[in-house]
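Reading the structure
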Amino acid sequence: MRLRGETVTRGDAPDRRRRRLVVLAALATLLLVVVDIVGGPGPGLLRRGGATVLGPLERALAPSGPEAEGALRQDRDRLASDLREARLSTQDAAALAELLGSPSTVGATVVPARVVAVAAPGPQGLVRLTIDVGSRDGVSADRTVVSGEGLVGRVASVGPWTSDVLVLGGPEVTVGVRVGSAGALATVGGAASATGRQPGELGLTLVQSGTLRVGDEVRTLGSVDGRPFVAGVLVGTVSAVEPQRGRLAPTGTVKPAVDVGTLSVVGVLLTAPRSTPRPSVTGGAS
Amino acid sequence: MTPAGVVLRGVLLLVGGVLGVTLAARHLAPLPDLVLVIVASAALASGPRAGFTTGLLGGWLLDLLPPGSAVLGTQAVLYAVCGLLVGLAARPGKAPLVWIVTVIAVACCGLEAGRALLALAQGVPVDAASSLGRVAATATAALVIVPLVDWAEQWSERRRFA
């Protein structure tokens, strides 16, 4: 009897401990969700830790690169792999040339980067991605990320070797923009969501009454010191205008200039903050 | 779950998580949810508590693996709930493969529905067609991976006691 009692006690104690650990882990998870929603300090630290530990693993598994080609040379399918890698390299080189030649990067200091990971896929599409440049490459949070076609998003957090980018169209990215040749002020993305917009489209709302036409170009308004968005980067074109139906300001949808589903090479714009005071001028009739 | 099963599923969670985010960067679609397959295999083999724990770990991995999730911990909660519910569907003894694949497909539908609700709550439009593709890909991957994991676990246990 005593022996049986001892066995039961020993068998139960680790089980209770394990159960307690699971409950504690679940409670800690829920607590962190709440802390992250209210903008507490802990989650940022965890994200940086995750980027430091797991970022290099993602960089190592990134598409293309001469090292990957070398490792595959002894394989039976060497020729097929080389051909595929060569195609990727050619595409990347073309994308890089397009990026450096695009109006968004003219005169700007650009850090070219490759997309190495995207967030766990879901029905909301691509809203976060990881690029293979980080703080050691001079990248910091709230930098503009562009591709050859236009605006991609902004840098949200930075690890030593990788950075996380919030993609335009996600819930956390709202951009101040100018629309059309008149330069009407508007917001794109975030809460500026037009009803009935399709996945891949962006919602646009003018800040006050004005004219919105299909085909109008939408460009970034720009932020102080170019962070998070530099001015004049192409966001997309107006694809539909909604009936005003009593609203003060017109709304519409924007077809983004960048197809994030095919994105491989991007650039992080490193704009320096203004360091000299702007000279004052005297106005007068010409 | 045996110690070999714990180690094996831990390694597979890491591999599945890293492959998921890096293959998606190559714009391959639809990709199976490998983490869900491993979580479900643990839940079906060892019940709700193992499913919950494996789901919590797998979800945390996805939360922390760059670029992570918008709100830290949401994937952990989603996968833990999935693991718990799949564990409740576990049958004693060897379950038929059709049952396993069906349960995993239903779990994947639930996961996609949860993510869609989160996205809609944030005002982001959802793409139902891509979700259906992911459910089909996950169920197909489960057809191959779950029996392989079970076999590897049994084989390592046999070697351990041989």
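Residues numbered from 1 in each chain as written. Chains lettered and ligands numbered in written order. Predicted model: local features only at pLDDT ≥ 70, side-chain atom pairs only at ≥ 80, totals over all residues.

On to the overall build of chain A, then. Looking only at helices and strands, one finds four helices and twelve strands in chain A. Taking all 286 residues of chain A together, the buried fraction comes to 40%. Contacts spanning at least 24 positions in sequence make up 58% of the contacts within chain A whose residues lie at least 6 apart. (Helix = DSSP H or I, 4+ residues; strand = E, 2+ residues; numbered from the N terminus. Buried ≥ 20, exposed ≤ 12 C-beta atoms within 10 Å, placed from the backbone. Contact = placed C-beta atoms within 7 Å.)

Adjacent strands of a sheet pair through backbone hydrogen bonds, lying either parallel or antiparallel. Residue and element names in this part refer to chain A. Reading around the barrel, the six strands line up as S6-S7-S8-S11-S10-S9 and close back on themselves, with antiparallel pairing between neighbours. On average, each strand axis in the sheet is tilted by 40° relative to the strand beside it, whichever way the strands run. Where strand S9 (residues 217–220) and strand S10 (residues 234–241) come together, three bridges link them in antiparallel fashion. Each residue of the ladder has a partner; that of Glu217, found in S10, is Thr237. (Pairing = 2+ DSSP bridges. Axes fitted to C-alpha atoms, helices over the stretch in contact; angles between N-to-C directions.)

Our focus in this paragraph is the environment of Asp127 of chain B. For Asp127 of chain B, the position within the fold is in the loop between helix H5 (97–121) and helix H6 (128–161). Residue class for Asp127 of chain B comes out partly exposed when judged on the 17 C-beta atoms lying within 10 Å of it. Spatially, the C-alpha atom of Asp127 of chain B lies 28 Å from that of Val146 of chain B, the residues being 19 residues apart in sequence. Apart from residues lying up to four places away in sequence, Asp127 of chain B is in contact with Pro123, Gly125 and Pro199 of chain A.

So, on to the interface of chain A and chain B. Between chain A and chain B, the residue contacts involve 48 residues of the former and 43 residues of the latter. Those elements that provide at least two residues to the side of chain A that touches chain B are helix H1 (2–37), helix H2 (42–60), strand S1 (110–118), strand S2 (128–131) and strand S5 (163–167) of chain A. Per element, the largest residue contribution to the side of chain A that touches chain B is nine residues, and it comes from H2 of chain A.

Residue and element names in this part refer to chain B. With 34 residues, H6 should cover 50 Å at 1.5 Å per step; its first-to-last C-alpha distance of 48 Å lies within 8% of that length. The sharpest bend along H6 measures roughly 35° and falls at Ala142. Residues of H6 that are buried in the fold lie against helix H1 (3–24), helix H2 (34–46) and H5. (Expected span 1.5 Å × (residues − 1). Bend = angle between axes of the 7 residues up to and from the residue.)

On to the sheet that holds strand S4 (residues 151–158) of chain A. Residues and elements named next belong to chain A. Taken together, the six strands give a closed barrel; going around it, the order is S1-S2-S5-S4-S3-S12, and neighbouring strands pair in antiparallel fashion. The sheet shows a mean angle of 45° between the axes of neighbouring strands, direction not considered. Note: strand S3 (residues 144–146) against strand S12 (residues 265–269), three bridges, orientation antiparallel. The residue bridging Val146 from the neighbouring strand is Gly267, located in S12.

Between the first and last C-alpha of H1 of chain B there are 31 Å, a value that for 22 residues agrees with the 32 Å anticipated at 1.5 Å per step. Where H1 of chain B is buried, its residues contact H2 and S1 of chain A together with H2, helix H3 (48–64) and H6 of chain B.

All names here are of chain A. For strand S8 (residues 202–206), the buried fraction is high: five of the five residues fall into the buried class. Side chains Leu202, Leu204 and Leu206 project from S8 onto one buried face, and the interleaved Gly203 and Thr205 project onto a second face that is buried too. Sheet topology places strand S7 (residues 184–189) next to S8; three bridges connect them, and they run antiparallel. Bridge pairing links Val188 to Leu204 in S8. In the sheet, S8 pairs with strand S11 (residues 251–256) via four bridges, with the strands oriented antiparallel. Paired with Leu204 across the two strands is Gly252, which belongs to S11.

Here we take up the pairing of S11 of chain A. All names here are of chain A. In terms of burial, S11 is largely enclosed, as five of its six residues are buried. Strand direction decides the pairing type here: S10 and S11, joined by five bridges, are antiparallel. Note that in S11 the partner of Val238 across the bridge is Val254.

Our focus in this paragraph is the confidence of the model for chain A. All names here are of chain A. Averaged over chain A, the pLDDT score is 80; the fraction of residues at 70 or greater is 81%. By mean pLDDT, the top-scoring element of chain A is S3 (93), and the lowest-scoring one is helix H3 (residues 66–72) (52). Every residue in residues 1–10 is under pLDDT 50, and counting partners more than four places away or in other chains gives zero contacts. (pLDDT = per-residue confidence, 0-100.)

Both trends apply: most residues other than glycine have a negative phi, and most peptide bonds are in trans. A cis amide bond links Arg227 of chain A to the next residue, Pro228 of chain A, at an omega of 5°. Within the secondary structure, Pro228 of chain A is located in the loop between S9 and S10. Cis geometry marks the peptide bond from Pro66 of chain B to Pro67 of chain B; its omega dihedral reads 5°. Tracing the chain through its elements places Pro67 of chain B in the loop between H3 and helix H4 (74–88).

Residue and element names in this part refer to chain B. Here H2 crosses H3 at 165°, and the two axes come no closer than 7 Å. With respect to their mutual orientation, H2 and H3 come out roughly antiparallel. Crossing of H2 against H3: the hand is right-handed. Contacts from Val35, Ile38, Val39, Ala42, Ala43 and Ser46 of H2 reach H3 at Pro48, Ala50, Gly51, Thr54, Gly55, Gly58 and Leu62. Across the contact of H2 with H3, the residue classes tally to eight nonpolar, five polar and no charged. (Parallel < 35°, antiparallel > 145°, perpendicular 65-115°, else oblique. Left-handed = near helix turned anticlockwise from the far one by under 90°. Nonpolar A, V, L, I, M, F, W, Y, C, P; charged D, E, K, R; others polar.)

Residues and elements named next belong to chain B. Scored by pLDDT, chain B comes out at a mean of 87, with 99% of its residues at no less than 70. Confidence, read as mean pLDDT per element, is least for H1 in chain B (86) and greatest for H4 (93). Predicted complex metrics record ipTM = 0.79 and pTM = 0.75.

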